[in-house]
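# A closer look at the structure
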Amino acid sequence: MASATGSGSGTGTGDCEGEEQDDSSSYPEVLELTETLNSLSVDKSQEDYEDELSLFRQQWRRELEDSPSHHRHVMKPVPDSTDSSLQTEEDKAKSLFLLGVEMENGGKLYEAIKHYKKAIQILPDVESQLYKGSEVKVVARQEVLEEEEEVTNTTVADESDDEDAVEGEEFVSRIQRILTRKGHFLQANCPTKGGHMSWLPYEVLQLILRWVVSSDLDSISLEQVSTVSRGFYVAARAHELWRSMCIRTWGAECGTPRVHEFASWRQMYIERPRLNLHGCYISKTTYLRHGENSFQDQFYRPWYFIDYFRYLRFFPEGLVLMWTTPDEPINCVSHLKYRNARQSQGIMSGHYRLVENKVIIVIKKSSAEKKAPQSSNTRFRARRKESHEQEQIYHIELELRNVRSHRNWSLVWKHYAVSTRGQWSNFELGSKKFPPFMFSRVRNYTAESYEPLTSYT
């Protein structure tokens, strides 16, 4: 029994040991299988994650590309001329700018500025783009270049004409000879859509120049016109034009250039003493005046520094305006523009005469001019004695002098007398009380012309 049980137990233990050995041999294989399975599952999860990330990235890129902000950021640094969006914005800017031009030509300036601002906000250089893109400008430029070539050719021909100049020949006669060889008095440098001054005959040009000079003898504007071209230079040197100016200035005492030892009418008008009419003569007087003693402080005595101005404005027909006022010239000059000045402001009118280099002025002033107009209703008003009108006559004599390179720029006092009730009172002419008049040009006086310069036969 013992042996049976022993063998049984022995066999049992032997079987268990064999199973343990089999299990120990298969354990590493199981581990390898589990590791491979885990690796496969991780790889699959990583691949899934990568696929999802790639899809998300693709969708994100599409959304960025479709968004307008992305287009703006992309378009600004790298502009592409082939992009349709750029072309549409450029077209919008050009159309807005052209609308602004049409409104400006139509007189709607406020709306035109709005369109200009919108166009510049869209495309800052819209004006240059329009200029470059217009084919008409290119054609005009080609025509200008062709005309410049013609002008250069004509200038070369003129230079060849200038080579034939005679020594001692006057500049005006030299230009006249060149113009006669060219066959035309004026020539257009640029193409014009309408008419040009070169189409006008010489007589019409002379009439235009008489309007430039006008009845106020604006010789400065005439000299400015003569600097435009050779043709205008010759037309502005016409003897009849300067003869009319001399006769209107000196009248019956004008004479001829030969009598006064001048070469031409123009030289006589420039060098002979005459009054400047394109401005006014101004004299500033300053002095100190003692004040009264103060009531509270008997030791304090004030001094007053007083200054006032005298204005003289001359007209060609012999009329003169005189004004004495403490106001500055910037506030007073405009009141002396017209002949019918306001006498209520203290402006007195008179007449003058030019004798060689002396100017004689006579001004009559009545006390009635100072009175303010009274109401016509005198029913309930006490009768008053009419005051006797006192007339004052001013007799002034001045002398024309030059100041450095300025001709007839100063008027110096020579005689001054005032008559009241037939009694004359002469004034002592000192340099402090009666300083000389200095000329000041006023551009507003010659800005308009109302009558042309009359011709004297």
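Residues numbered from 1 in each chain as written. Predicted model: local features only at pLDDT ≥ 70, side-chain atom pairs only at ≥ 80, totals over all residues. Heavy atoms only, no water.

Attention now moves to the pairing of strand β9 (residues 437–441). Sheet topology note: the strand β1 (residues 279–290)/β9 ladder contains four bridges and is antiparallel. Counterpart to Cys 280 in the pairing with β9 is Ser 440. Relative to β9, strand β7 (residues 406–420) runs antiparallel, the two sharing two bridges. Counterpart to Ser 410 in the pairing with β9 is Met 438. (Pairing = 2+ DSSP bridges. Helix = DSSP H or I, 4+ residues; strand = E, 2+ residues; numbered from the N terminus.)

So, on to helix α4 (residues 109–122). In a regular helix each residue adds 1.5 Å, so 14 residues correspond to 20 Å; α4 covers 20 Å between its end C-alpha atoms and thus fits that length. When α4 is considered as a whole, its buried residues turn out to be Ala 112, His 115, Tyr 116 and Ala 119. For α4, the angular spread of buried residues about the axis comes to 105 degrees, placing them on one side. Among the exposed residues of α4, those pointing more than 90 degrees away from its buried face are Tyr 110, Lys 117 and Gln 121. (Expected span 1.5 Å × (residues − 1). Buried < 20%, exposed > 50% of the residue type's maximum accessible area, 1.4 Å probe, protein only. Arc of directions from axis to C-beta.)

Let us look at the packing of helix α8 (residues 202–213) against helix α9 (residues 219–226). Between α8 and α9, the least distance of the axes is 7 Å, while the angle of their chain directions is 135 degrees. Our classification of the angle between α8 and α9 gives oblique. Between α8, through Leu 209, Val 212 and Val 213, and α9, the contact on the second element is made entirely by Ser 221, Leu 222 and Val 225. Residues that form the contact of α8 with α9 fall into these classes: five nonpolar, one polar and no charged. (Axes fitted to C-alpha atoms, helices over the stretch in contact; angles between N-to-C directions. Parallel < 35°, antiparallel > 145°, perpendicular 65-115°, else oblique. Contact = heavy atoms within 4.5 Å. Nonpolar A, V, L, I, M, F, W, Y, C, P; charged D, E, K, R; others polar.)

Another aspect to go through is the nonpolar core. Leu 312, Phe 314, Val 359, Ile 361 and Leu 411 are the most contacted members of the largest nonpolar core, which has 43 residues in total. Among the elements that line this core, the one with the most residues is helix α11 (residues 239–250), at six residues. With sequence-adjacent residues up to four places away left out, Val 359 is seen in contact with Leu 275, Phe 314, Tyr 352, Arg 353, Leu 354, Ile 396, Glu 397, Leu 398, Leu 400 and Leu 411. With 15 residues, the next largest nonpolar core counts Leu 319, Leu 336, Ile 347 and Tyr 445 among its residues. (Core = buried A, V, L, I, M, F, W, Y, C linked by side-chain atoms within 4.5 Å.)

Looking now at unusual backbone geometry. Unlike most non-glycine residues, Glu 261 shows phi in positive territory, near 65 degrees. Look at Glu 261 and you get exposed, because its relative accessible area is 72%. Residue Arg 404 is not a glycine yet carries a positive backbone phi of 55 degrees. Residue position: Arg 404 is located in the loop between β6 (391–403) and β7. By relative accessible area, which is 85% here, Arg 404 ends up exposed.

On inspection of all chains with the given rule, the structure shows ten salt bridges. Close ionic contact of Arg 248 with Glu 317 constitutes a salt bridge, the shortest N to O distance being 3.7 Å. Here the residue Arg 248 occupies a position in helix α11, and Glu 317 occupies one in the loop between β2 (303–314) and β3 (319–325), the gap between them amounting to 69 residues. Glu 317 is the salt-bridge partner of Arg 339, the closest N and O atoms lying 2.4 Å from each other. Residue Arg 339 is located in the loop between α13 (329–332) and β4 (348–355), and its partner Glu 317 is located in the loop between β2 and β3; the two are separated by 22 residues in the primary sequence. Among the charged side chains, a network of salt bridges with common partners joins Asp 216, Arg 248, Glu 317 and Arg 339. (Salt bridge = Lys/Arg side-chain N within 4 Å of Asp/Glu carboxyl O.)

What follows covers a nonpolar patch on the surface. A cluster of nonpolar side chains, namely Met 197, Leu 200, Val 204 and Ile 208, defines an oily patch on the protein surface of about 260 Å² accessible area. Note on placement: Met 197 falls in the loop between α7 (171–182) and α8. The exposure class assigned to Met 197 is partly exposed, which follows from its relative accessible area of 32%. (Patch = residues over 30% accessible without salt bridge, like charges linked within 9 Å, V, L, I, M, F, W, Y side chains within 5 Å. Areas by Shrake-Rupley, 256 points an atom, 1.4 Å probe, with all protein chains shown as cover.)

For the rest of this paragraph, the subject is the side chain of Ser 214. Looking at the secondary structure, you find Ser 214 in the loop between α8 and α9. If near-sequence neighbours (up to four positions away) are discounted, Ser 214 is found in contact with Ser 449, Glu 451, Pro 452 and Leu 453.

Confidence in the prediction of the protein, expressed as mean pLDDT, is 76, and 67% of residues score 70 or more. Within the protein, the element-level pLDDT minimum falls on helix α2 (residues 68–75), averaging 48, and the maximum on β9, averaging 94. Confidence drops under pLDDT 50 across residues 1–25; counting only partners more than four residues distant or on other chains, this segment forms zero contacts. Across residues 155–160, where pLDDT falls below 50, the model places three contacts with residues more than four positions away in sequence or in other chains. (pLDDT = per-residue confidence, 0-100.)

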